[in-house]
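Structure assessment
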Amino acid sequence: MEASQFKSDQYVRFCPGCGDHAICMALQKAMAQIGIPTHEVAVISGIGCSSRMPHYLNTYGFNTIHGRGGAVATGVKTSHPELTVWQMSGDGDCFAIGGNHFIHEIRRNVDLNVCVFNNRIYGLTKGQYSPTSAKGFVSKSSPFGTVERPFIPAQLVLGARGTFFARTLDVDMPTTVDCLVAAQQHKGCSIVECLVNCVIFNNGTHAWIADREQRAEHSIILKHGEKMIFGANKDKGLAVEIDPVTFVPKMIVVPADDPRVLVHDAHQPDTTLHRMLALMGQNRIEAVNAEVDDDLPIALGVIRNVEAETYDQAVNAQIQNVRTSAKARTFDELTATLESWTL
Amino acid sequence: MKNIVVRFCGDSGDGMQLTGNMFAQLGAELGHEISTLPDFPAEIRAPQGTLGGVSGFQVELGSEVYTPGDKADVIVAMNAAALKVCTLGSHFNHPQAHFDEQFALFHRNAIVIVDTDSLTDKDLEKAQYHTDNPFTELGIPESVQIVPVALTTLTKEALKDSGMDNKSVLKCRNMFALGLIYWLFDEPMEKAIHLLEDKFKKKPALIAPNTKVMVDGYNYGCNLALNITQLHLEGQPKEAHGTYTSIAGNRATAFGLIAAAEKAGKHLFLGSYPITPATDILHELAARKDMNVMAIQAEDEIAGVCTAIGAAFAGDLACTTTSGPGLSLKSEAIGLAVMAELPLVVVDVQRGGPSTGLPTKTEQTDLLQALYGRNGECPAVVLAASSSANCFDFAYEACKIALENMTPVVLLTDTYLANGTALWRIPKLAELPTIHPQSVPEELKGQYNPALRDERGVRYWAYPGMEGYEHRNIGLERDAQRGTISTNPENHEVMVQARKKKIEQIADRIPQLSVISNQHSDTLLVGWGSTEGHLHAAANELGCDLAQFNYIMPLPKNTREVLSQYKRIIVCELNTGQFAAYLRAQFPDLPIEQYNEIQGQPFAVERIVKFVKG
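Residue positions within a chain follow its written sequence, with the count starting from 1. All chains are assigned letters beginning at A, and all ligands numbers beginning at 1, according to the order in which they are written. Where totals are concerned, whole chains, interfaces and linings use all residues; where local detail is concerned, this predicted model gives features only for residues with pLDDT of at least 70, and gives and counts side-chain atom pairs only at 80 or more. No hydrogens and no water enter the side-chain calculation; it runs on all heavy atoms of the structure.

**Details of the packing of helix α10 (residues 249–264) of chain B against helix α15 (residues 391–405) of chain B**
Residues and elements named next belong to chain B. The criterion, for reference: Angles shown run from 0 to 180 degrees and are taken between the N-to-C directions of axes, each axis being a line fitted to C-alpha atoms and, for helices, limited to the stretch in contact. The secondary structure listing takes helices from DSSP runs of H or I that are at least 4 residues long and strands from runs of E that are at least 2 residues long, numbered from the N terminus. Angular relationships are summarised with four words: roughly parallel below 35 degrees, roughly antiparallel beyond 145, roughly perpendicular across 65 to 115, and oblique for the angles in between. When the near helix sits turned anticlockwise from the far one by under a right angle, the crossing is termed left-handed; a clockwise turn instead gives a right-handed crossing. Two residues form a contact once any of their heavy atoms are found within 4.5 Å. Polar here means any residue outside two lists: the nonpolar Ala, Val, Leu, Ile, Met, Phe, Trp, Tyr, Cys and Pro, and the charged Asp, Glu, Lys and Arg; Gly therefore counts as polar.
Orientation of α10 relative to α15, taken along the N-to-C sense of each, is 40°, at an axis distance of 7 Å. The orientation of α10 relative to α15 falls into the category oblique. Considering the relative orientation of α10 and α15, their crossing is right-handed. Residue-level inspection shows G249, A252, T253, F255, G256, L257, A259, A260, K263 and A264 of α10 in contact with α15, the latter providing C391, F392, A395, Y396, C399 and L403. Each residue belonging to the contact of α10 with α15 can be placed in one class, and the counts come to twelve nonpolar, three polar and one charged.

Rendered as structure tokens:
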């Protein structure tokens, strides 16, 4: 299929320069690459800039209410597992008002493809801090800087027993398309954290990796089965070192030819390494002007991709199992089983 | 006797609900009409023998039963606390209170069966008695026949050879009391034994000992040297021929949803979250996978309704069940269903409010919330069931209206209907009204948008999986022609009116309001929902007419015509006057009076009668 088949007739109203434009195009490309017909795809969203996405995709779409996209999507997918269901959400929509639905769709492992557009700001309401804004961040609702610690989305996903977590960047189209395609191919709740720039209210929030000159040194694109190599000259690798005193393992940067360089295993059920990889560089967003004494890159690509039974399949399988051996399958048969008498 | 009211009263661990239910069911099987009122304590398990732990179950049996009865003719009190609660009613906590017929749960001429083994000093202390003679202390008049029975001793005696431990033996006390009541009513024991076997079929080891105790209780009655005459119920029930069962309102509601889904050819989806007193609907539907029901226990009330909205978007018959606090939480999402014009059934089993309020008690206080509790101009259909049995009919009707008119429907029931049981004539699916879910004409393929409507003003329903009808639905205002987001001022007004008219046109297809008439009275009692039985009984006693509403939004088309025929219109409700206010807003020229009670209990017929007589 062609990406154009997934474009709706609506004029795309993201601000000029907004990172959401790129994700929108990546979604159309990914959906074409996946090749599921438009009428078998449902895109559900809540409220926020990112939640406008369904309007620009020529599939079935439902732009619902703030924070509840996850619950609506759970209803769509569970009742109709034959559909491909996407959820579009932002850092406010799914880490603040929709936090409960977010952790529970992950815990249940509902087979959804969830794109979380993380720009660390409330854009549609014109510039308030979000649950992923760095501590000390100055915004209209935090004129003296926030006093809150931010969420690190990957920690939330792993804490909720997530089976799939990927991270991508608005300006990296190939990685974004790869992550979206992998999310769809994964059976279960796939979370793709899309780091997007809000050109109006939080410009440059991901500059550390978004700047073309810096990106290769400051990020690593993880690929399952491949060595963890990065850098403009592909001269750096990642390894794990155990602190001899505290026994705490930590990621370290070593030369690319060091035999300790790790090979990425996204399918590993144990979360230890996935967590360490996902947390690399996150201390930079812990607080405004955070002091960072390591040179670890931010991990992009599919960090975790493991299999587990999906909720929608389990719910439907249980119904079919019960029905197979049921004595009554219709209303009249059901009422015939009641203790009754004739007058 | 035409009708008789029995109340079983004991500790929450004494099995009073089971005992009462078995008695009511036997009565129903023998052809009596029944109405029951379970009365639970609020605590999950209050300390044994205390006033807070008293659990009651009241049933009225007979040939013309409208309510579970104001006051009992026969009381079974399993302990000192139960005796006190039954005697003093709502005044049981007043240290100086005495029997007062206004508050007592039984008549001046009632029969009170008491377990004398449960009146020891320790029992009396736990139930906060101050003397060692509970009967004198409570001031029970001599006209009340006290029947002292050593229930505990006699039960132990009955099971002395059973090899059961003491704790298990004591759990059978309720069956001795039940046997004694069966004797009092001269009920045949074969059916009673059969019923007991059915109730305990999942615990077969308990059948023999419970049967033994029940039969011993019956025989004990036969040998009683006391001067008690057995009670005989007269008259034939007025119910039509058919197959009957006794059913609780929550179960009837669940069955109505199941029947509607099958009739409509739709998959039934329930998104729900546990909340008293609605949870039994979730239980019932979670167990009905054999009926292809998908019942989801969501992470919260909002997810309950939102998963249902998702299923409706995908083409299912979608429902959510809750009580008042949950309805508050679901408000925004119900607004989404109004705006997105999706079918959705919201069952609100009302309880005492506001906030956590009285979770186990009944009240009609969510009416205005159901009608208006959403942001914006947000009309939805509101229905109310008026008996435990017709919870079935109105759950079915709610589904029919939702699917045919692409709108949320709020069905109001309440604790009284939900937990109470009534005789239900089991219908066949074929005899139920047809349901034609809204669909979309073939010729719109390739040109569909979610604003397109049929001649009734109901938007066409296309959903994922249908090729050529891809569209984007929204909670934002949409353009009346194109179905896309619109902030145009004139368009908004057009859309507000379109959504309003869509609800109003439903009045063309609902039944006219009919009056239960008593000899051309000029006084009309008006009620809605669960008060029908009490108001019917009161109207009969007063010789006045009754109009009971099941359709609240929209109202039946002849409402004004009916009401305007009366000099006195008295709207009776278990709230401070919500329906009265609603009617006054529609018919400001009509002389609408109101009578209200708000004590967490159903009406007492005698109080309504007293009010109307002035």
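What follows continues from the structure just given.
**Points about empty space enclosed by the protein**
Residues and elements named next belong to chain B. Applicable threshold: Computed over the protein atoms alone on a 1 Å grid, cavities are sets of points where a 1.4 Å probe fits but cannot get out and pockets are open sets with protein on both sides within 12 Å along at least five of seven lines; a residue lines them when it has an atom within 4 Å of a point. Grid points are joined across faces, edges and corners, and a volume is the space filled by probe spheres set on the points.
Applying the stated rule across the entire model yields four cavities of 30 Å³ or more. Its boundaries defined by the atoms lining it, the largest cavity holds a volume of some 90 Å³. Looking at the largest cavity, it is lined by 13 residues, and the ones nearest its centre are L37, P38, D39, T360 and T415. Secondary-structure elements contributing two or more residues to the lining of the largest cavity are β2 (33–39) and α16 (415–419). Class assignment for the residues of the lining of the largest cavity results in five nonpolar, six polar and two charged.

**Here's the deal with the sheet that holds strand β11 (residues 298–305) of chain A**
Put simply, the test is: Paired strands, as defined in this entry, are two strands with at least two bridges between them according to DSSP.
Across the sheet, nine strands lie side by side as β7(A)-β11(A)-β5(A)-β6(A)-β4(A)-β3(A)-β1(A)-β2(A)-β15(B); this open sheet has mixed pairing. Across the chains shown, the open sheet's two edge strands, defined by having one partner strand only, are β7 (219–222) of chain A together with β15 (472–474) of chain B. In this sheet, adjacent strand axes meet at a mean angle of 20° when their direction is disregarded. Taken together, the four bridges between strand β5 (residues 164–169) of chain A and β11 of chain A define a ladder with antiparallel strand orientation. Paired with F164 of chain A across the strands is N305 of chain A, a residue of β11 of chain A. Here helix α13 (residues 324–340) of chain B sits on the sheet and contacts β2 (60–63) of chain A together with β15 of chain B; the angle it forms with β15 of chain B, its principal contact strand, is near 130°.

**Side note on unusual backbone geometry**
Residue and element names in this part refer to chain B. For the bond from G353 to P354, the omega torsion is 0°, close enough to zero to count as cis. Along the chain, P354 turns up in the loop between β11 (344–350) and α14 (367–372). Cis geometry is adopted by the peptide bond preceding P554, which originates at M553 and carries an omega value of -5°. As for its placement among the helices and strands, P554 is situated in the loop between β18 (551–553) and α19 (559–563).

**Looking at the layout of surface pockets**
Residues and elements named next belong to chain B. Here the second largest pocket defines a volume of roughly 940 Å³. Lining of the second largest pocket is provided by 38 residues; of these, D39, G89, S90, L105 and Q601 occupy positions nearest its centre. Looking at the lining of the second largest pocket, the elements with two or more residues in it are β1 (3–11), β2, β3 (54–62) and α21 (605–613). If you tally residues by element for the lining of the second largest pocket, the top one is β3, at four residues. Residues that form the lining of the second largest pocket fall into these classes: 18 nonpolar, twelve polar and eight charged.

**Considerations on the interface of chain B and chain A**
Put simply, the rule reads: Throughout, buried area stands for the accessible area (probe radius 1.4 Å) lost by two parts on being put together, summed over both. The term salt bridge refers to a side-chain nitrogen of Lys or Arg lying within 4 Å of a carboxyl oxygen of Asp or Glu. Pairs of N or O atoms are called polar contacts if they sit within 3.5 Å, as long as, within protein, a hydrogen donor faces a hydrogen acceptor (for residues adjacent in sequence, only side-chain-to-side-chain pairs).
On the side of chain A, 55 residues touch chain B, which itself brings 71 residues to the contact. Here chain B and chain A share an interface that buries about 5200 Å² over both sides, 64% of which is from carbon and sulfur atoms. Between chain B and chain A we count one salt bridge in total. The residue E299 of chain B makes a salt bridge to R108 of chain A at a minimum N-O spacing of 2.8 Å. For the interface between chain B and chain A, the tally reads 24 residue pairs in polar contact (both at pLDDT 80 or more).

**Quick notes on the domain arrangement of chain B**
Residue and element names in this part refer to chain B. The test is simple: How far each domain reaches was decided by an automatic or database domain assignment.
Once the domains are mapped, chain B shows domain 1 (3–222), domain 2 (246–431), domain 3 (442–508) and domain 4 (523–613). Of the roughly 920 Å² buried between domain 1 and domain 2, counting both surfaces, carbon and sulfur atoms make up 55%. The largest contributions to the domain 1 side of the interface with domain 2 come from I34, T36 and F40, which together make up 42% of the buried area. Summed over the shared surface of domain 1 and domain 2, the result is one salt bridge. For K361, the salt bridge goes to D39, with nearest N and O atoms at 2.8 Å. Viewed at the interface, domain 2 and domain 1 are joined by two residue pairs in polar contact (both at pLDDT 80 or more). Of all the elements in the fold, those that place two or more residues in the side of domain 1 that touches domain 2 are α1 (16–29) and β2. Ranked by the residues each element gives to the side of domain 1 that touches domain 2, the list is headed by β2, at seven residues. When grouped by side-chain class, the residues that make up the side of domain 1 that touches domain 2 number nine nonpolar, six polar and two charged.

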